[in-house]
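If you want the building blocks of each chain, they are given just below.
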Amino acid sequence: MILETARLRLVPMADEHLDGLSAMNSDPAVMRFITGEPESREATLAMIGRVKQRWADWGFSWWSLLEKDSGQIIGAGGVQYLGFNPANPHEIGWRLRADKWGQGYASEAARCMTRFAFEQLQAPLLCAICHPDNRNSSRLMERLGMRYRGQQEWHGMPTSVYDIAREAWLRANSGPGR
């Protein structure tokens, strides 16, 4: 499923996105709060394979974020199950190329993916996690209406956990000017 915003096309990750995703994931600045180290091209290719399988299994997963004006991959974002386990709530996540930070792209993509999770998937709860020192992501989670729930370990590291219930999101995002 392709989603669109004013400046972005969210396209399900595919093999042809390898060059753009690998360039982003190999940047130590991008990966600082995600894994702490740059990702190899082979690791990015393996990730694309896992994501394609999740699209097949669940009908949702990670998108490549393509800038409409340039056609370039400027990031990635997704909706998945927290910890990759369907027994857990849905989780939203994102990352951007460093040269696109601070331009509102993460917020634009996150709002689109949140709408998808609540309106299309009917998720009752949406979570987001980030490294405790990643204040930019924490602030975006708060702007989405998410509330800080504390620290938990996910993906083998301590994370700050945020969430928002579908009802709270619907209240905040319905009516005029939506």
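Residues numbered from 1 in each chain as written. Predicted model: local features only at pLDDT ≥ 70, side-chain atom pairs only at ≥ 80, totals over all residues. Heavy atoms only, no water.

Identification of the protein chain as GNAT family N-acetyltransferase from Massilia agilis is taken from an unreviewed UniProt entry.

## Quick notes on the packing of helix α1 (residues 18–25) against helix α3 (residues 41–58)
The criterion, for reference: Lines are fitted to the C-alpha atoms to define the axes, a helix being fitted only along its stretch in contact, and any angle between axes, read from their N-to-C directions, falls within 0 to 180 degrees. Helix and strand labels come from DSSP, where a helix needs a run of H or I of at least four residues and a strand needs a run of E of at least two; each type is numbered from the N terminus. For classification purposes, an angle smaller than 35 degrees is called roughly parallel, one larger than 145 roughly antiparallel, one from 65 to 115 roughly perpendicular, and anything else oblique. With the far helix as reference, a near helix turned anticlockwise by less than a right angle produces a left-handed crossing, and one turned clockwise produces a right-handed crossing. By definition, residues are in contact when any of their heavy atoms lie within 4.5 Å.
Following both chains from N to C, one finds α1 and α3 inclined at 125°, their axes separated by 9 Å at the closest point. Taken together, the axes of α1 and α3 lie oblique to each other. The element α1 and its partner α3 pack so that their crossing is right-handed. Taking contact as the criterion, the partners of Leu18, Asp19, Leu21, Ser22 and Asn25 in α1 are, on α3, Arg41, Thr44, Leu45, Met47 and Ile48.

## Focus on the packing of aromatic side chains
How two aromatic rings sit relative to each other is given by the distance of their centres and the angle of their planes. This is how it is decided: Only rings of Phe, Tyr and Trp enter the pairing, Trp through its six-membered ring, and a pair is recorded when the two centres are within 6.5 Å. The plane angle decides the type: under 30 degrees is stacked, over 60 is edge-to-face, the rest tilted. Partly exposed describes any residue whose relative accessible area lies between the buried limit of under 20% and the exposed limit of over 50%, with all areas from a 1.4 Å probe on protein chains only and scaled to the type maximum. Remark: a charge is flagged as sitting over a ring if the NZ atom of Lys or the CZ atom of Arg is within 6 Å of the ring centre and within 35 degrees of the ring normal.
Counting across every chain of the model gives seven aromatic pairs. Here the aromatic rings of Trp58 and Phe60 are separated by 5.7 Å at their centres, their planes lie at 35°, and the arrangement is tilted. For Phe60, a relative accessible area of 3% corresponds to the buried category. Taken together, the aromatic side chains of Trp55, Trp63 and Phe116 make up a single cluster linked through ring pairs. Seen from the ring of Tyr105, Arg7 lies directly overhead, with NZ or CZ sitting 4.0 Å from the centre.

## Some remarks on the nonpolar core
Soluble globular proteins tend to bury their nonpolar side chains together. Rules: By nonpolar core we mean a set of buried residues, namely Ala, Val, Leu, Ile, Met, Phe, Trp, Tyr and Cys, connected to one another through side-chain atoms within 4.5 Å.
In this structure, Leu10, Met13, Trp63, Ile92, Trp94, Met113 and Met146 are the most contacted members of the largest nonpolar core, which totals 47 residues. Looking at this core element by element, the count peaks at nine residues for helix α4 (residues 105–120). Setting aside residues no more than four positions away along its own chain, Leu10 makes contact with Met1, Ile2, Leu3, Thr5, Trp63, Ser64, Leu65, Ala109, Cys112 and Met113. By size, the runner-up hydrophobic cluster in this structure holds five residues, among which are Leu82, Cys127, Ile129 and Trp154.

## Considerations on the environment of Thr159
Position of Thr159 among the secondary structure elements: in strand β8 (residues 157–165). Once the C-alpha coordinates of Thr159 and Asn134 are considered, the two residues, 25 residues apart in sequence, prove to be 9.6 Å apart. Once residues lying within four places of it in the same chain are set aside, the contact partners of Thr159 are Ile129, Cys130, Pro132, Gly150, Gln151, Gln152 and Trp154.

## A few points about unusual backbone geometry
Residue Phe84 is not a glycine yet carries a positive backbone phi of 60°. For Gln122, which is not a glycine, the phi torsion comes out positive at approximately 55°. Note that Gln122 resides in the loop between α4 and β6 (125–130).

## A few points about α4
As a reminder, the rule being used: To estimate how far a helix should reach, multiply one less than its number of residues by 1.5 Å.
Between its first and last C-alpha atoms α4 spans 22 Å; for 16 residues at 1.5 Å apiece the expected length is 22 Å, and the two agree. With twelve of its 16 residues buried, α4 lies for the most part within the structure. Count one or two residues on from α4 and you reach Gln122, which has phi positive near 55°.

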